[in-house]
Every structure is written in C-alpha cells, then in structure tokens.
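Structural characterization, general
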Amino acid sequence: MTFVQRLGAVAGLTEQRLTELLGECGPEEGSRLGAAMRHAVLGGGKRFRPFLVIECAGLFGVPADAARDAAAAFECVHCYSLVHDDLPSMDNDDMRRGRPTVHRAFDEWTAILAGDALLTLAFEIMGSELTHPDPGVRAELTRLLAHAAGGRGMVLGQMFDLEAEKRGEPSRMSEAHVRRLQALKTGALIAAACEAGAVLGRATDTQRLALRSYGENLGLAFQIADDLLDAAGDAQAMGKATGKDSAAGKATLVGIIGIEAARAQLAATIADAEREMEGFGEKARGLIEAAHFAASRKH
Ligand code: GRG
C-alpha cells in the first residue's frame, strides 16, 4: 500500500469510528448541537493525527483496531480546536475543509458549544475501557492528551498567536518566540499523537522519546509548510482562505526569516524527523513518508 492509500484507509476507519462514537456518546442526531458536532468532525480532514497514533502504535505490533479509539479522541480535540480557531473572535474564517465553518453553517454560540462538547467527548472516549483494557494505559493516554491540548500546550500556543496578532505582543517578535508558539499550537498535539502510539505499544523510554522527538519535528514541518502554503497557496486546494497571515500581521517563521530560509528549515526538520526513526528499521517507512507528506502537502 502506498502512503496515500494508508492515509486514506486510516481516514476511512476514523470516519466510521467517529460516526459510531458520536452516535453512542454524542447528542441526539436531530439536535442542533449534534448536527453542529457532526458538521465539525465528519466528512473531511486528512485525519493526520489519527494516522500518527495508529502508525506509531503499529511499530510495536498494535493492530489499527486496537488504536482507533485513542486516534479518534485525538481527532476530536483537533476538530474542536479548528471550530474555536475559526470563530470571529479568533481567526475569523468562513471556510474550513472546503465547507462553511461551524459558526457560519450554524451560529457563533452553537460553534462554541459544539467545540466544548467535542473537547469533553475526547476525554470520555479516552477514559473508556474500549480504548484500552488497562486503566494505567488509559490514564497515561488521558494525561498525555490533556497536557498537549491545555494551558501548557495547544491553548498556550493559541494564546501566544492571538497576543501577537491582536495585541502586538511581544513588540519585537523573535524567531525563538515564533518557534515556541508553533511548537505549542501545532506541534504539541502532533507530538502527543506519536507518543500515544508508543504508550499503546508499551514502548521503552528510549523508543517513546524517539517518537516524541519525531513528532516534534513533524509538527514543526507541518506548521512551516502551512505558513508556506498560506504565503503562496491556493485557496481552493486548501479549502480555506490563504494569504491571511501577512495580512493579519501574524507571527510566522516565513514572515521573520523569509520564504527561502523557511524552505531550508523545512528540509532540515524533515531530515531530523527521519533520523529519529533510524532505530525502527523498515517498519518506520510509513512515518518517514508521513514527514515528507507534511512538508510537501498542498492542503
Ligand atoms: C482554539 C485552543 C485553540 C487552538 C487552535 C489548530 C489550531 C489551534 C489552529 C489552527 C490554525 C492553523 C491553520 C494551524 C496550522 C496547522 C494546522 C493545525 C492545520 C490544520 O490541520 P490539518 O491540516 O487539517 O491537519 P485537517 O482539515 O486535514 O484536519
């Protein structure tokens, strides 16, 4: 199977499981909240974070079916973050995944509540026996996801992003600050998804660290690629508006070091991610391809 076929297979598995989980644990299908959550989660997205959970767990022989619920929990957090990021008070986007954003398809308060319910649903899923029979593994996965998503992870990264854009803080934007912002906003969840695969696979500390470091590099590459796409991108392929970053004065690496230097950093970051995979041999081919995919993606 090629990488794109594997990503597509995980996307299909994730879509099916999210549909079931929303049916079992989500609000009634006919309700406004249920419809908004389904709009946010179903029928779109690359499912890149679920792919990472499943592929990293697969390094240790864990079958995809045994990793799919943890993967779905990561996707719920990711989708909540997109719904809230798109809100008028944050990034103010009308389109996401080629469709109207949740606050455009419904309204702002419904979008806020749908995001809240998706975030909490993620932890309901992670805490379920169906996610893993060992409560110690479930607790570790829950802690990992909460830490990556919260006030020392993605939310803090979003805070730095909005402080820069809306308050002009810090007044002199450094490359180090942008890197930290991006490592938290985008990288924390991606790195934790890789680490979750290690937890599911009961990896050694060394293997877990290697996967975390791979994920951190991947997250950085993903974000630099996003900045490059925004700078030069095609709104139709992206399924959302482009050229917004410089217009909004956003803190991006491309904005600070320029397109050519950002491309060079992207290549170096991918090489670093690849190096972390050396100890896993041929089984890591999918993850190496994932790093190249993150760097060269068109949407
Ligand atoms: C609201 C707490 C809070 C956080 C928002 C996710 C996020 C943090 C902001 C999104 C801004 C953005 C465009 C970041 C660039 C990288 C990124 C996360 C892109 C979207 O993820 P993809 O490409 O999307 O995996 P799909 O639709 O494929 O799932």
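Just so it is clear, the structure is predicted and the values come from calculations on it, not from any experiment.

Turning next to the overall build of the protein chain. In terms of regular secondary structure, the protein chain is built from 15 helices and two strands. For the protein chain, the C-alpha radius of gyration of 18 Å lies close to 19 Å, the compact-globule estimate for 299 residues. Principal-axis analysis of the C-alpha atoms places the extent of the protein chain at approximately 50 × 50 × 35 Å. Intrachain contacts of the protein chain at a sequence separation of at least 6 include 73% that bridge at least 24 residues. For the protein chain, the accessible area works out to roughly 12,900 Å², and carbon and sulfur atoms hold 54% of it. The centroid of the 33 positive side-chain charges in the protein chain is displaced by 1 Å from the centroid of its 41 negative side-chain charges.

The terminal C-alpha atoms of helix 6 (residues 108-126) lie 28 Å apart, and with 19 residues this matches the ideal 27 Å at 1.5 Å per residue to within 8%. Residues Thr-110, Ala-111, Ala-114, Gly-115, Ala-117, Leu-118, Leu-121, Ala-122, Ile-125 and Met-126 constitute the buried set of helix 6. In this fold, the buried residues of helix 6 make contact with helix 1 (3-25), helix 2 (32-41), helix 4 (64-85), helix 5 (102-105) and helix 7 (135-149).

Here we take up the site of the ligand. Around the ligand, 20 residues are found, and the nearest of them are Lys-46, Arg-49, His-78, Ser-81 and Arg-97. Between the ligand and Lys-46 there is a distance of 2.6 Å, counted from an oxygen atom to a side-chain nitrogen or oxygen. With respect to the ligand, the side chain of His-78 contributes an N or O atom lying 2.8 Å from an oxygen atom. Listed by contribution, the elements that provide at least two residues to the shell around the ligand are helix 4, helix 8 (154-167), helix 9 (175-200) and helix 10 (205-232). It is helix 4 that provides the largest number of residues to the shell around the ligand, a total of six residues.

What follows is about the environment of Ala-72. Tracing the backbone through its elements, the reader meets Ala-72 in helix 4. The exposure class assigned to Ala-72 is buried, which follows from its relative accessible area of 0%. Residues Ala-72 and Glu-29, 43 residues apart in the sequence, show an inter-C-alpha distance of 19 Å. Setting aside residues up to four positions removed in sequence, Ala-72 forms contacts with Leu-18 and Leu-21.

Thresholds applied
Note that residues are indexed from 1 along each chain, following the sequence as it is written. Only residues with pLDDT of at least 70 get local features here, since the model is predicted, and only at 80 or more are side-chain atom pairs given and counted; chain-wide, interface and lining totals rely on the full set of residues. Values reported for side chains reflect all heavy atoms of the structure, with hydrogen atoms and water molecules removed beforehand. A run of H or I in DSSP counts as a helix once it spans at least four residues, and a run of E counts as a strand once it spans at least two, with each numbered from the N terminus. For a compact globule the rule gives 2.2 Å times the number of residues to the power 0.38, and the radius of gyration it is set against comes from C-alpha atoms. Any two residues whose heavy atoms approach within 4.5 Å are treated as being in contact. Exposure was quantified through the Shrake-Rupley algorithm and a 1.4 Å probe, taking into account, for residues, occlusion by the shown protein chains and nothing else. Note that His is not counted, nor are the chain ends; the positive residues are Lys and Arg, and the negative ones are Asp and Glu. All charge positions are set by atom: Lys at NZ, Arg at CZ, Asp at CG, Glu at CD. A helix's residues, less one, multiplied by 1.5 Å, set its expected span. Accessible area is worked out with a 1.4 Å probe on protein chains only. A residue is then buried under 20% of its type maximum, exposed over 50%, and partly exposed in between. Note on terminology: near, applied to a residue and a molecule or strand, indicates that one of the residue's heavy atoms is within 4 Å of it. What qualifies as a polar contact is a pair of N or O atoms within 3.5 Å, subject to a donor-acceptor requirement within protein and to the restriction that residues adjacent in sequence count only when both atoms come from side chains.

Any functional reading would require information beyond the geometric quantities listed.
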